[in-house]
Amino acid sequence: MGVFDYRRRKSGAVRVGSTAIGGDNPVRLQSMTNTSTMDTPASVAQCERIAAAGADIVRLTAQGVREAENIGRIRTELRSRGVDVPLVADIHFNPKAAFEAARQVEKVRINPGNFVDPGRTFRKISYTDEEYAAELQRIDDALTPFLELCRENGTAIRIGVNHGSLSDRIMSRFGDTPAGMVESAMEFLRVCRKRDFNEVVISIKASNVRVMVETVRRLVAAMDAEDMHYPLHLGVTEAGDGEDGRVKSAVGICTLLAEGIGDTIRVSLSEDPEHEVPVAKFLADYVGSWSGAPEIKGEFAEGYNPLDPQRRQSAAVGIVGGDNQPVVVGMDSSEHYDSGSKPDFFADSWFDFVEIDAQFSDEQLKNIPADKVVVIKSSHPNYQAAVSAAVHRMITLGIKNPVVLKVEYCAIAPDEVALRAAVDLGVPLMNGLADGLWIDADTVGAADASRIAFGILQSARMRITRTEYIACPGCGRTLFDLQTTLRRIKEATAGLRGLKIGVMGCIVNGPGEMADADYGYVGAGVGKVSLYKGRECVEKNIPAEEAVERLLDFIERDSRQ
């Protein structure tokens, strides 16, 4: 098989109750409840709905020992109803809850950012090498008894690193970087290896798609270097809701799935959790269908770094290519376009391009005039790989023309158009291989196609044309009505462009993810909200009923300064 052909990364299999993750098993689908874990009937009902939607695994939050104990009661009730979906307890800040959960459920998720280290306060701490070694021993001392308890009970674990909750220790040593996120996971994995505990799944997530993709790639490389082959769980945290949340998740998750990385996935949407599962299933099935696709010949161009791909260097033709932002080509100049979503060019009046198929010969490529944009399309089932191979051929041949990638969809449901385009165009875009996007679909209008293309560019952090909402999906820790609040904030800020606004249900990842947001709205207690500018808390413990208006007032005042 060539470098562009789809193949799964080899990983060990981990048993989670009746389900196995990794190895030769299919990509498993997950979701998480957003009910109170102490509300047994509501949690059982939601677990049933999530399982009925097709989830292989369901996660519930366990803030403390009593919640961990109650997940055991939820599990018993589900089994009595014939629902055998494995349950995972999600632990932050409270190792005692993790120990109890190991006795109750099939898998426990722990966060290296707060399992041993205290919650982050953004303090800069200096360590000598000897002091840092002592910190690592502290991790070993705390984690080993937990691993032994899991071994006794047949309980798997997930080591789940989040960009938003790295410890002050890691931040002080490595900074707020992919390297720090990777080391946070590796410290715990080395203890698992030392103690011969292999029932481990890893996740390493961020709300910034570029950070998430680079970090997972670097984690895989770090594991390979130490001969580790644990299965990986993928997801983009705080993706938001609606089309934007789906597109953002598809770009991030499928850039990695396309490389064979990923054994289980969750699409984190600020919606009812059962809505996440069909999206995850589509993404897993779509990428998985490439395993039977015809071979794609070709090699990576010299100098290409798969760990950290840089944008291909092209010569500008007008505003396309070179140092220009990637463009969007639209199909119909007569349609009405919203502000920020109007295409840069329209196909019916744009004359500076040459359209080719990805299978064009080298001689045909060489004969393209230097003053033309190359529009590449392909009917290959693995579109993203076929066009990627073509662009790598152009680089190898020294052809500098800008490249616009064009997808053509016939008789595909509108929702599926957005997801397919996010995968087909998003993967090569993330790998630096596109100067523009063009979506031609007969089931969506030209304005909708343009909006989807701009959403893909924004998800890949290549072009910001609208406000981005970094919104968590909610769980039993959420301290306000997340879905209603997010809708209100989106409606009130719809006219703003280029901002990033975080909407977080609690403090687990809230302050950390605020580092990537301009403004933040974070649950601080029952009925209380704190407002942030970046990482800085600017108003504490506001009554929830006043918080949306206070956030909008603060954004308006801040914009005038």
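Residues numbered from 1 in each chain as written. Predicted model: local features only at pLDDT ≥ 70, side-chain atom pairs only at ≥ 80, totals over all residues. Heavy atoms only, no water.

Some remarks on the overall build of the protein chain
Reasoning step 1: Helices and strands together make up the secondary structure of the protein chain, namely 17 helices and 21 strands.
Reasoning step 2: Relative to a compact globule of 561 residues, whose C-alpha radius of gyration would be 24 Å, the protein chain shows 24 Å and is just as compact.
Reasoning step 3: In terms of overall dimensions, the protein chain has C-alpha extents of about 70 × 55 × 55 Å along its principal axes.
Reasoning step 4: The buried share among the 561 residues of the protein chain stands at 59%.
Reasoning step 5: The long-range share in the protein chain, meaning contacts at least 24 apart out of those at least 6 apart in sequence, stands at 70%.
Reasoning step 6: Total accessible area computed for the protein chain in this model is approximately 21,300 Å², and 49% of it derives from carbon and sulfur atoms. (Helix = DSSP H or I, 4+ residues; strand = E, 2+ residues; numbered from the N terminus. Rg over C-alpha atoms; globule rule 2.2 N^0.38 Å. Buried < 20%, exposed > 50% of the residue type's maximum accessible area, 1.4 Å probe, protein only. Contact = heavy atoms within 4.5 Å. Areas by Shrake-Rupley, 256 points an atom, 1.4 Å probe, with all protein chains shown as cover.)

Observations regarding the environment of lysine 10
Reasoning step 1: Its place among the elements puts lysine 10 in the segment before strand S1 (14–16).
Reasoning step 2: Sequence separation between lysine 10 and aspartate 24 is 14 residues; the distance between their C-alpha atoms is 8.2 Å.

A look at the packing of helix H4 (residues 129–153) against helix H6 (residues 178–194)
The relative placement of two packed helices is expressed as an angle between their axes plus a distance between the axes.
Reasoning step 1: Here H4 crosses H6 at 55°, and the two axes come no closer than 10 Å. Taken together, the axes of H4 and H6 lie oblique to each other. Classified by chirality, the crossing of H6 by H4 is right-handed. The segment H4 lies against H6, with Tyr132, Leu136, Ile139, Asp140, Leu143, Thr144 and Leu147 engaging Glu187, Phe188, Val191, Cys192 and Lys194. (Axes fitted to C-alpha atoms, helices over the stretch in contact; angles between N-to-C directions. Parallel < 35°, antiparallel > 145°, perpendicular 65-115°, else oblique. Left-handed = near helix turned anticlockwise from the far one by under 90°.)

Notes on the nonpolar core
In summary, soluble globular proteins display a tendency toward joint burial of nonpolar side chains.
Reasoning step 1: Among the nonpolar cores identified, the biggest contains 137 residues, and Leu87, Phe146, Ile376, Ile439 and Ile456 are the most heavily contacted of them.
Reasoning step 2: Considering each element in turn, this core owes the most residues, nine residues, to helix H7 (residues 209–225).
Reasoning step 3: Excluding its chain neighbours within four sequence positions, the residues that come into contact with isoleucine 456 are Val247, Val251, Ala421, Ala422, Leu425, Gly426, Leu429, Leu437 and Ile439. (Core = buried A, V, L, I, M, F, W, Y, C linked by side-chain atoms within 4.5 Å.)

Some thoughts on the pairing of strand S4 (residues 57–61)
Reasoning step 1: With five of five residues buried, S4 lies mostly within the body of the structure.
Reasoning step 2: Side chains Ile57, Arg59 and Thr61 project from S4 onto one buried face, and the interleaved Val58 and Leu60 project onto a second face that is buried too.
Reasoning step 3: Relative to S4, strand S3 (residues 28–32) runs parallel, the two sharing three bridges. Among the inter-strand pairings, methionine 32 is bridged to a residue of S4, identified as arginine 59.
Reasoning step 4: In this fold, the crossover linking S3 to S4 by way of helix H1 (residues 40–52) has right-handed handedness. (Pairing = 2+ DSSP bridges. Right-handed = clockwise from strand over helix to strand, strands pointing away.)

Things to note about the sheet that holds strand S13 (residues 353–357)
Reasoning step 1: Across the sheet, which stays open at both edges, the six strands sit in the order S12-S11-S16-S15-S14-S13 with parallel pairing between neighbours. Here the strands that pair on one side only, and so sit at the sheet edges, are strand S12 (345–346) and S13.
Reasoning step 2: Here strand S15 (residues 403–409) runs beside strand S16 (residues 436–441); their pairing, made up of six bridges, is parallel. The partner of valine 407 across the bridge, within S16, is isoleucine 439.
Reasoning step 3: Contacts between helix H12 (residues 414–424) and the sheet are confined to S15 and S16, with S15 contributing the most and set at about 150° to the helix.
Reasoning step 4: Running over the sheet, helix H14 (residues 446–459) touches strand S11 (327–330) and S16 and is turned about 145° from S16.

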